[in-house]
Amino acid sequence: MRATPPTRFAYLGPEGTFAEAALSRAVASSEGARYPAPSIAAALSAVRIGDADAALVPLENSVEGSVPATMDGLADGEPLLITREVFLPVSFVLAVRPGTELPDVGSLASHPHALAQTSRRLTELLPRVVPLPIASTAEAARLVAAGKYDAAVCAPLAAERYGLTALVDDVADHPGAVTRFVLVAPPGPLPAPTGNDKTSLVAVVGDRTGALLELLREFAVRGISLTRIESRPTRERLGVYSFSLDCEGHVADARVGEALAALHRVSDDVRFLGSYPRADGRENKPLEPTSTDAAFTEASGWLADVRAGRA
Ligand SMILES: O=C(O)C(=O)Cc1ccccc1
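Here is what the cut-offs are and how they apply
- Residues numbered from 1 in each chain as written.
- Predicted model: local features only at pLDDT ≥ 70, side-chain atom pairs only at ≥ 80, totals over all residues.
- Heavy atoms only, no water.
- Helix = DSSP H or I, 4+ residues; strand = E, 2+ residues; numbered from the N terminus.
- Buried < 20%, exposed > 50% of the residue type's maximum accessible area, 1.4 Å probe, protein only.
- Contact = heavy atoms within 4.5 Å.
- Areas by Shrake-Rupley, 256 points an atom, 1.4 Å probe, with all protein chains shown as cover.
- Lys, Arg positive; Asp, Glu negative; His and termini not counted.
- Charge placed at Lys NZ, Arg CZ, Asp CG, Glu CD.
- Salt bridge = Lys/Arg side-chain N within 4 Å of Asp/Glu carboxyl O.
- Pairing = 2+ DSSP bridges.
- Axes fitted to C-alpha atoms, helices over the stretch in contact; angles between N-to-C directions.
- pLDDT = per-residue confidence, 0-100.
- Parallel < 35°, antiparallel > 145°, perpendicular 65-115°, else oblique.
- Left-handed = near helix turned anticlockwise from the far one by under 90°.
- Nonpolar A, V, L, I, M, F, W, Y, C, P; charged D, E, K, R; others polar.
- Phe/Tyr/Trp six-rings, centres within 6.5 Å; stacked < 30°, edge-to-face > 60°.
- Lys NZ or Arg CZ within 6 Å of the ring centre and 35° of its normal.
- Near = heavy atom within 4 Å.
- Polar contact = N/O pair within 3.5 Å; in protein donor to acceptor, adjacent residues only side chain to side chain.
- Core = buried A, V, L, I, M, F, W, Y, C linked by side-chain atoms within 4.5 Å.

> For the overall build of the protein, give the residues involved together with the corresponding values.
If you tally the helices and strands in the protein, you get 9 helices and 15 strands. Each of the three principal axes of the protein carries a C-alpha extent, and together these read 85 × 60 × 35 Å. In the protein, which comprises 311 residues, the share counted as buried stands at 47%. Contacts in the protein between residues at least 24 apart in sequence constitute 76% of all its contacts with a sequence separation of at least 6. When the accessible surface of the protein is totalled, it reaches about 15,300 Å², and 55% of it is carbon and sulfur. Side-chain charges of the protein comprise 30 positive and 38 negative groups, with the mean position of each set lying 2 Å from the other.

In structure tokens:
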């Protein structure tokens, strides 16, 4: 009997990123093999071309908002599905080569989200240094160790991993920041409904009055609560936007399935991005009796009777 090959997980690398820490939370190390990818786009593309079975990438942060490379990477290109979400508290250190002091720091690099979350503190500490945005926090740490930059904003573990010293601990402007990561896979069987799920999608609405209201109405009338909504440029031309949103519930739930089908009718384009267990420690709102699967089933039965001349 041939053994099944281990699941190959790509993550935003190199070793020591928050994405790697999030992957460790999502799947036990015995569950598969892990491969660092040099960028978010590379991690997604590894899944699309079959080099990886799933990718773990950052999606949004409680301080800085969404991660455009992931939002746009999921909205465009071959479809991918979110199968899990993972929430990770993030804290940053200012890491340098041993022996470096603050006045020696002439260059500093990190992931744009890490720089955005530490910018006030960095300006106080290093007023003359212009921070450089690069692919990840751990890549910044690696390049500091290699002598390319003097300092990195990264996880304490990344500083350790690359033999750096944490010159300043906790450099975040807003303590308690949390980043939401997602595990994405090629289209396939969806995670089973758990009763506390979320569904993600992207809808492109036409340039007409009330188009956004039409979209929102499909959720509201079915008693579905949204947990995130934001607009993204479609990159076709200025003024044409898509809406990226998450709602409570699973596409297998009647209300969510019907809302998605309605969106398909009223939008120019809808991309389903997955239904997966909610992992932010919160419970979906209680349903009105009119929004339960039982209410939808009962209503379809009634309609069938009406159509058959039985009611
Ligand atoms: O660069 C990393 O380590 C990442 O995983 C992306 C990121 C950057 C800053 C905050 C959270 C995630």
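> A description of the pattern of salt bridges should follow, citing residues and the corresponding values.
Enumeration over the complete set of coordinates arrives at 20 salt bridges. A salt bridge links R180 to D246, with the shortest nitrogen-to-oxygen separation between them at 2.7 Å. Residue R180 is found in strand 11 (residues 178-185), and its partner D246 is found in strand 14 (residues 241-248); the two are separated by 66 residues along the sequence. Overall, the relative accessible area of 1% leaves D246 in the buried class. The salt bridge involving R222 is made with E218; its shortest N-O contact spans 2.8 Å. Accessibility assignment for this pair places R222 and E218 in one class, buried. Members of the salt-bridge network, linked through shared partners, are E60, E85, R180, K198, R228, E230, D246, E248, R278, D280 and K285.

> So, the sheet that holds strand 12 (residues 197-204): which residues are in play, and what are the values?
Pairing is antiparallel in the open sheet, where 4 strands are placed in the order 13-14-12-15. Strands with a single pairing partner mark the edges of an open sheet, and in this sheet they are strand 13 (226-233) and strand 15 (269-277). Neighbouring strand axes in the sheet, compared pairwise and without regard to direction, differ in orientation by 15 degrees on average. Note that strand 12 and strand 15 share 8 bridges and pair antiparallel.

> If you had to explain the confidence of the model for the protein to someone new, which residues and values would you point to?
The predicted model of the protein has a mean per-residue pLDDT of 94, with 98% of residues at 70 or higher. Both confidence scores are given for the complex: pTM 0.94, ipTM 0.97.

> Can you explain the pairing of strand 14? Please cite residues and give values.
Consecutive side chains along a regular strand alternate between the two faces of the sheet. The buried fraction of strand 14 amounts to 7 of the 8 residues, a majority that puts the element mostly inside the structure. By the bridge criterion, 7 bridges tie strand 12 to strand 14 in an arrangement that is antiparallel. Bridge pairing links L201 to L245 in strand 14. As judged from the 7 bridges shared by strand 13 and strand 14, these two strands associate in the antiparallel manner. Each residue of the ladder has a partner; that of L226, found in strand 14, is C247.

> Tell me what's going on with the packing of helix 7 (residues 211-220) against helix 8 (residues 254-266), and back it up with residues and numbers.
Two elements in contact, helix 7 and helix 8, have axes separated by 9 Å at closest approach and are oriented at 160 degrees. Taken together, the axes of helix 7 and helix 8 are roughly antiparallel relative to one another. Seen from above, helix 7 lies across helix 8 with right-handed handedness. Judged by residue contacts, E214, L215, E218 and F219 of helix 7 engage A259, A262, L263 and V266 from helix 8. The residue makeup of the contact of helix 7 with helix 8, split by class, is 6 nonpolar, no polar and 2 charged.

> Run through the packing of aromatic side chains, naming residues and quoting values.
The way to describe two aromatic rings as a pair is by their centre distance and the angle between their planes. Overall, the coordinates contain 1 aromatic pair when judged by the stated rule. Here F18 and F92 contribute two aromatic rings whose centre-to-centre distance is 5.4 Å and whose plane-to-plane angle is 85 degrees, an arrangement assigned as edge-to-face. With a gap of 74 residues between them, F18 in helix 1 (residues 18-26) and F92 in the loop between strand 5 (81-89) and strand 6 (93-96) connect regions that are remote in the sequence. Neither residue differs from the other here; F18 and F92 are each classed as buried. If you follow R161 out to its NZ or CZ, it ends over the ring of Y162, 4.8 Å from the centre.

> Give me the site of the ligand: which residues, what numbers.
Taken together, 14 residues are adjacent to the ligand, and T17, F18, A19, S136 and T137 come closest. One of the backbone nitrogen or oxygen atoms of F18 is found 2.9 Å away from an oxygen atom of the ligand. Here an oxygen atom of the ligand sits 2.9 Å away from a polar atom, N or O, in the main chain of A19. Look at the ligand: alone it shows 320 Å² of surface, and the protein chains cover 99% of it. Within the residue set of the shell around the ligand, elements represented by two or more residues are helix 1, helix 4 (112-125) and strand 11. The element contributing the most residues to the shell around the ligand is helix 4, with 3 residues.

> Describe the nonpolar core, naming the residues involved and giving the relevant values.
Counting residues in each nonpolar core, the largest one holds 54 residues, and the members touching the most others are L56, L74, L94, L108, V153, F181 and V184. The residues touching L108, leaving out its near neighbours within four places in the chain, are L94, L115, L122, L126, V129, V130, P131, L132, A151 and V153. Listed in part, the 16 residues of the second largest apolar core include A95, A140, V144 and Y149.

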